[in-house]
Amino acid sequence: MEPRYDPHGVEERWQRAWEDEGLYKAGAGARRDETFVICVPPPNVTGELHMGHALNGAIQDSLIRWHRMRGFDTLWQPGYDHAGISTQNVVEKQLIAEGTSRQELGREAFLERTWDWLEKTGRTIMGQFRRLGCSLDYSRERFTMDDEYVDSVMTYFVRLWEAGWIYRANRIVNWCPHHQTAISDLEVEHFEEDDVLTYARYPFVDGSGSVTIATVRPATMLGDVAVAVHPDDPRYKDAIGKDVVVPVVGRRVPVIADSRVDPEFGTGALKVTPGHDPIDFEIGREHELPILTVIGSDGRVTADGFEGLTQREADESVVAWLKQHDQLEKRENYRHSVGHCERCHSRIEPLVSPQWWCQMDELALPAIEALRERRVRYHPESQHRFAIESLETAPDWCVSRQLWWGHQIPIWTCPDGHLTCAWPPPDACADCGSAELVRDPDVLDTWFSSALWPFATLGWPRQTPELARYYRGDVNVTAREIIRLWENRMIFSGLFLMGDIPFTDVIITSTVMAVDGRRMSKSLGTGIDPLEAVAKHGADATRYGLLKMSSMQDPRFSWGMIEEGQKLANKLWNVARLILANAEGLEPDFAPQALEERWIAHRIDETREEVENLLPAFQFSGVVDALYHLTFDDFCDWYAEAIKPRLYDRDERAVATALAALERLLALLHPVMPHVTEEIWSQFHDSRLIVGPWPEPAGVDAVDLTRVQEAAVTFRRSGVLVQLEGDEKRIFDAVVKPERAKSNGNVDAERERLAKEIARSEGMLANEKFVSNAKPEVVQAEREKLERYRRELEAIGG
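Residues numbered from 1 in each chain as written. Predicted model: local features only at pLDDT ≥ 70, side-chain atom pairs only at ≥ 80, totals over all residues. Heavy atoms only, no water.

Let us look at the sheet that holds strand E13 (residues 328-341). With antiparallel pairing, three strands are arranged side by side in an open sheet as E8-E7-E13. A strand with exactly one partner marks an edge of an open sheet, and here the two such strands are strand E8 (210-215) and E13. Here the strands of the sheet are splayed against their neighbours by 20 degrees on average, with no regard to which way each runs. As paired elements, strand E7 (residues 188-203) and E8 share six bridges and run antiparallel to each other. Along E8, the bridge assignment pairs Tyr199 with Ala214. (Pairing = 2+ DSSP bridges. Helix = DSSP H or I, 4+ residues; strand = E, 2+ residues; numbered from the N terminus. Axes fitted to C-alpha atoms, helices over the stretch in contact; angles between N-to-C directions.)

In structure tokens, the structure reads:
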């Protein structure tokens, strides 16, 4: 073994070897009939690895490797999402830079260009997952635009149509004027902006005065169809039922009462424009108001007399009219949150648009039941409650997008206007038999296709043997912002199409923030590339550090935790070199007899049990913490130091036991730190640890080294030697090496110090306020300190 462990080269070599030898494939190393399945959340085909992906991958790989070692038939399914609007945005930017556009290119040529770009530069993230040591079955890579996957998506849409849950309707959507499409709430970013609040007077038709409204969008006054006030607002009690005249356009509209009006905003009177505001749209539907559209899909005004103006230009014209007609009451600065497209940063335009919708009430019910019965469990518990609430209140799902890149909706229209929903494409209209069919130009929401991911990747709807073998899965790992958009949709889609849940547990990961607490962002300069951490400290150290951060809610990224992982790898390497350097010609044989051997055997068993409790509870920070202390403190600093004289004396039984103890330690560490453990394992095995057995309990009774360890603390602190005999003295001398220190300790001073600590601790525990008000773990820790101080005092004759 090299004197110093260098992860670079070692890690890449094992990543290639594991994959080349087929050890990442489903079923590798299986020794039992049970399966363990995770489908990786499909990253965007345009994407690169970010810290969230890295944490997600470290969590999933730890679970997969643990189950593989336990003999499960494991499948970690890889693949990509076609990322509809993201991919189209990337290619459109390239076209603009070339002086052209997708419109000039045409749909077919644009799609050809997109596929060409993906083949050349897309799909990079799987290579980055490999660099982290993620043991995905890369031979099974899927893409949501594969031919077979397209069949799955089309079939799902047809099944929903046949169930009567797909319909077309004009509803208000988040419209991106740049991309010319509706987008989901997740694709909208909100930023605080400084604006101007305009107060305008709407005169009563009967000449009895006016009502004043406040708006930041004067141009939308052109589409007003009512003024609404809160029914309990005494200021407007007499106005309800009257008509007012909309400025500029002279339209006569009613004053209505609606409890959705906020009496605290502006004057408490709300101009109602159902065509351009979500709340106004709902008010308009309930009161059966007309919908007027005065802003087009390009974000420019379409109202008579204002055609082609930008909204800012139209705002200025409307305000000028108000001034001229003495209907402008005042204008004041106003700061508010405004939605923007997360990709092009255009201001979102609420527009009423004909879209395809999926009715959610019946579709969601089985998923709500599955969550309530905890057949699917979200972790942590707070996210489980949120998942149920989001399903119970789920609005109908807008499944269409006005893009060119994606799954084109399988609905055809004949010249007579009949609709045919079918897959494969029909030869003729189902109603009249016409062969002149035009396919709907819209594509499906990206989340629609990814809702099928846990079973479309396994061959649905072809009912393959793999589908029967690996569905349902076990775990899904993701971020909290897509519970509603993806996780819940996979659950109700699986129940609808497969009759069963797609997984039993959903782990909602923390969001790793930048070192300064801000969100990680390339544009803000706060992003940290996880491959930068891999380059500096290695993949094992990066995985370790991310898992250690995972217990905290939205933790700040910590280089220190990753460096701790590197120190652990180095420590493990050095102790392995010590043992293996003295083990030539010997085989592992776990026969613990000496005190330190029985002690480390029991500590390994204790940690194994702890890990086996923590991993199913998804407490990954606790797992790495337990493994760190077992390796660093127990195995290296105590056990290895205690047996070092016996290793140097070539005590074959001690060496064979040490080799076996090292085997067990490597196996426990492997799911978290696979590369360094496999490299060490290969120094004295021909087999591969990745498919090696998870350790069975040694069954050694508990052994107490407390006296020796506390004697070491006392000596290192004060130079006072505690009286020990036999094995305890032998271990103390080997570990502490008191003969190398200047042993001039003052026993009386140490007794006095311990007596003071005992008095202090006894005083705290006698204080009823402390005992009743402090956290139970703090009180317990103080009790344990008191017992330790008493033992240390007794050990030096106090």
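Bringing the sheet that holds strand E20 (residues 438-439) into the picture now. Within a sheet, adjacent strands bond to each other through the backbone by hydrogen bonds, running parallel or antiparallel. Taken in spatial order, the three strands line up as E19-E18-E20 in an open sheet, and their pairing is antiparallel. Lying at the two open borders of the sheet, with one neighbouring strand each, are strand E19 (419-421) and E20. Direction of pairing for strand E18 (residues 411-413) relative to E20: antiparallel, over a ladder of two bridges. Directly across from Thr413, in E20, lies its bridge partner Val438. Contacting E18, E19 and E20, helix H7 (residues 147-162) runs over the sheet at an angle of about 125 degrees to E19. (Contact = heavy atoms within 4.5 Å.)

Before going further, it helps to examine the packing of aromatic side chains. Summed over all chains, the structure comprises 26 aromatic pairs. Taking the centre distance of 6.2 Å and the plane angle of 75 degrees together, the rings of Trp66 and Trp694 count as edge-to-face. Of this pair, Trp66 sits in helix H2 (residues 51-69) while Trp694 sits in the loop between helix H22 (674-681) and helix H23 (706-718), and the two are 628 residues apart along the sequence. Where Trp397 meets Phe492, the ring centres are 5.9 Å apart and the plane angle is 70 degrees; that geometry is what we call edge-to-face. With Trp397 in strand E16 (residues 397-398) and Phe492 in helix H15 (residues 483-498), the pair connects residues that are 95 residues apart, well separated along the chain. Members of the aromatic cluster, connected to one another through ring pairs, are Tyr156, Phe157, Trp165, Trp397, Phe448, Phe492 and Phe496. Residue placement shows Arg130 over the ring face of Tyr138; its charged tip is 3.9 Å from the ring centre. (Phe/Tyr/Trp six-rings, centres within 6.5 Å; stacked < 30°, edge-to-face > 60°. Lys NZ or Arg CZ within 6 Å of the ring centre and 35° of its normal.)

In total, this model carries 68 salt bridges according to the counting rule given. For the salt bridge of Asp554 with Arg480, the shortest nitrogen-to-oxygen distance reads 2.6 Å. Placement of Asp554 in the loop between helix H17 (539-549) and helix H18 (559-581) and of Arg480 in the loop between strand E22 (475-478) and H15 is noted, with a sequence separation of 74 residues between them. A relative accessible area of 24% means that Asp554 is categorised as partly exposed. Residue classification places Arg480 among the partly exposed residues on the basis of a relative accessible area of 25%. Measuring nitrogen to oxygen at the nearest pair gives 3.5 Å for the salt bridge that ties Asp651 to Arg646. If you follow the salt bridges from partner to partner, you end up with Glu596, Glu597, Arg646, Asp651, Arg653, Asp727 and Arg730 in one network. (Salt bridge = Lys/Arg side-chain N within 4 Å of Asp/Glu carboxyl O. Buried < 20%, exposed > 50% of the residue type's maximum accessible area, 1.4 Å probe, protein only.)

The values reported here are purely geometric and, on their own, carry no functional implication.
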